[in-house]
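The lines below spell out each chain.
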Amino acid sequence: RREVFEARAFGASVADGGDVHFLVHHDMNKPLASRAAGSLVLEDTDEALTFEATLAPEMRSVGYVTDFLATLAAGLVGGISPGFRVPQGGDMVKRSGTGIMRVVRSADLIEISAVTKPAYPAAQIEARNWTPNHTPDPRNISAVLNRWRA
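Here goes a summary of the coordinates provided.

Conventions we followed
Within every chain, residues take consecutive numbers counted from 1 along the sequence as written. Reporting in this predicted model follows two pLDDT cut-offs: at least 70 for local features of residues, and 80 or more for side-chain atom pairs to be given and counted; totals over whole chains, interfaces and linings ignore these cut-offs and use all residues. Side-chain measures were taken over the full set of non-hydrogen atoms in the model, leaving aside hydrogen atoms and water. Helix and strand assignments come from DSSP, with helices taken as H or I runs of at least 4 residues and strands as E runs of at least 2, each series counted from the N terminus. Relative accessibility thresholds used throughout: buried, under 20% of the residue-type maximum; exposed, over 50%; partly exposed, between the two (1.4 Å probe, protein chains only). To define a nonpolar core, start from buried Ala, Val, Leu, Ile, Met, Phe, Trp, Tyr and Cys residues and group those joined through side-chain atoms within 4.5 Å. Here, two residues are considered to be in contact whenever any of their heavy atoms come within 4.5 Å of each other. Strands pair, by our definition, only if DSSP identifies at least two bridges between them. Angles run from 0 to 180 degrees between N-to-C directions of axes, and those axes are lines fitted to C-alpha atoms, restricted for helices to the stretch in contact.

Overview of unusual backbone geometry
Logical step 1: Residue Arg-8 is not a glycine yet carries a positive backbone phi of 65°.
Logical step 2: Secondary-structure assignment places Arg-8 in the loop between strand E1 (2–5) and helix H1 (11–15).
Logical step 3: Judged by its relative accessible area of 44%, Arg-8 is partly exposed.

Right under this line is the structure:
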């Protein structure tokens with residue numbers, strides 16, 4: 001079974017301005033950024049769902065943030081996984097070769113998580129303004145989800 005997302009599947013959810021969190025491993029107790037805090041910007045285009053998260057300076061001394069930045073720098077965390085709900089009628093299932101494929105046409109985005117192994121291998125995270133030989137300044141860390149469409 002495979003799953004793909006149509007272009008702009010999160011478009012309505014992104015446009016409504018509701019709060020979405022950027023988390024560590026889908027853990028709501030480990031937020032890194034959010035729309036409500038003004039530290040997460042989302043865009044859903046024909047090519048991909050993208051986001052930019054800015055970690056607040058106050059987060060620098062938080063243990064799980066330090067751990068996250070270290071695992072990101074070590075290359076142990078590099079994927080992105082969205083947390084979403086598909087409303088009734090927002091998807092369809094069709095045959096694809098010998099299997100089936102779920103096509104998500106519309107979904108409510110709840111959160112985006114940095115993960116060790118993403119369900120969608122093309123969903124990757126990158127840190128900007130990163131110098132590998134020193135601890136990065138969290139004010140300059142941004143995450144970008146590239147090539148998220150299958």
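With respect to the nonpolar core
Logical step 1: Ranked by size, the top nonpolar core spans 28 residues in total, and within it Phe-22, Leu-32, Leu-40, Leu-42, Phe-51 and Phe-68 carry the most contacts.
Logical step 2: The dominant element in this core, judged by the number of residues it contributes, is helix H2 (residues 63–73), at 5 residues.
Logical step 3: Setting aside anything within four residues of it in sequence, one finds Leu-42 in contact with Val-14, Val-20, Arg-35, Thr-50, Phe-51, Leu-109 and Ile-112.

Quick look at the sheet that holds E1
Logical step 1: With mixed pairing, the 3 strands of this open sheet are ordered in space as E1-E8-E7. One side of each edge strand has no neighbouring strand; the edge strands of this open sheet are E1 and strand E7 (91–96). Going across the sheet, the axis of each strand differs from the next one's by a mean of 25°, ignoring polarity.
Logical step 2: Two strands pair when backbone bridges link them, and E1 and strand E8 (residues 99–104) are joined in this way by 4 bridges, in the parallel orientation. Bridged to Phe-5 within E8 is Val-104.

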